[in-house]
Amino acid sequence: MMMITLTGLGYDIHRFSETPRPLILGGVQVHAEKGLAGHSDADVLCHALADAILGALGEPDIGYWFPPSDPGCAGICSLRIVEKAVELLRAQGGRVNNADCALIAEAPKILPFVPQMKETLAPILGVAPKRVGIKATTNEKLGALGRREGMAAFATVAIQLPE
């Protein structure tokens, strides 16, 4: 069976919550009280990653599968969102080759948490941790992200599907 390689791009952004809640990135708690606002756990990294997979498949984005209007999605762990995207991929006979992600924020420092994020995401994606790239950068104090109003993430994935 011939396999084709497709790529997908995902993006997500959330503002910081005005009330204390954990900051979850890549399924890992990075801060106990300075979290992001959102209907789910607001994990921008997982949201961008799921949208990258869905985009490569030509499927609707995460808002279609997990609508903010659905009370059942309130507070959902975003790892479940990534799992759903991978489930849709596998249902078509596909698999993830690799993922590359970038977090954009002035703070907090992400590097100490990257190994744990990779170890958390890799089994869900069905790849080795070395096939999950996670980087962080600042917005050089420009715009809303530069003013520390929130965080954003980009993700790209390469997937393989039967032709």
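Above this text sits the structure in question.
The rules behind these values
- Residues numbered from 1 in each chain as written.
- Predicted model: local features only at pLDDT ≥ 70, side-chain atom pairs only at ≥ 80, totals over all residues.
- Heavy atoms only, no water.
- Helix = DSSP H or I, 4+ residues; strand = E, 2+ residues; numbered from the N terminus.
- Expected span 1.5 Å × (residues − 1).
- Buried < 20%, exposed > 50% of the residue type's maximum accessible area, 1.4 Å probe, protein only.
- Contact = heavy atoms within 4.5 Å.
- Core = buried A, V, L, I, M, F, W, Y, C linked by side-chain atoms within 4.5 Å.
- Lys, Arg positive; Asp, Glu negative; His and termini not counted.
- Salt bridge = Lys/Arg side-chain N within 4 Å of Asp/Glu carboxyl O.
- Polar contact = N/O pair within 3.5 Å; in protein donor to acceptor, adjacent residues only side chain to side chain.

Undergrad: Got a minute to help me understand helix α3 (residues 78-91) in this structure?
TA: Think of an α-helix as turning once every 3.6 residues; residues three or four places apart then point the same way. Spanning 14 residues, α3 covers 20 Å between terminal C-alpha atoms, matching the ideal 20 Å at 1.5 Å per step. Along α3, the residues that are buried comprise Ser78, Leu79, Ile81, Val82, Ala85, Val86, Leu88 and Leu89. For α3, the secondary structure elements touched by its buried residues are α1 (44-57), α2 (62-65), β4 (95-104), α4 (114-125) and β6 (150-162). Among the residues trailing α3, Gly93 stands out with phi positive, at a value near 80°.

Undergrad: Would you explain the environment of Ala42 in this entry?
TA: For Ala42, the position within the fold is in the loop between β3 (28-31) and α1. On the basis of relative accessible area, Ala42 is assigned to the buried category, the value being 0%. Note: C-alpha distance between Ala42 and Gly75 (33 residues apart in sequence) is 8.3 Å.

Undergrad: What am I meant to see in the nonpolar core here?
TA: Most often, soluble globular proteins keep nonpolar side chains buried together rather than apart. The biggest cluster of nonpolar side chains holds 50 residues, and the ones touching the most others in it are Leu25, Leu49, Ile53, Leu125, Ile134 and Met151. When contributions to this core are tallied by element, the ones reaching two or more residues are β2 (23-25), β3, α1, α3, β4, α4, β5 (132-137) and β6. With eleven residues, the single largest contributor to this core is α1. Those residues in contact with Ile53 that sit more than four places away from it in its chain are Ala85, Val86, Leu89, Val96, Leu125 and Val157.

Undergrad: Any chance you could explain the side chain of Asp12 here in plain terms?
TA: Topologically, Asp12 is positioned in strand β1 (residues 3-15). Of the side chains with opposite charge, Arg21 lies nearest to the buried Asp12, which makes no salt bridge, at 11 Å. Engagement of the side chain of Asp12 in a polar contact is seen with the side chain of His14, the distance being 2.9 Å.

Undergrad: Could you clarify how one ought to interpret the side chain of Ser17 in this entry?
TA: Note that Ser17 resides in the loop between β1 and β2. At 2.7 Å, the side chain of Ser17 and the backbone oxygen of Thr19 are in polar contact. For Ser17, the contacting residues outside a window of four places in its chain are Gly35, Leu36 and Ala37.

Honestly, it's all geometry; don't read function into it.
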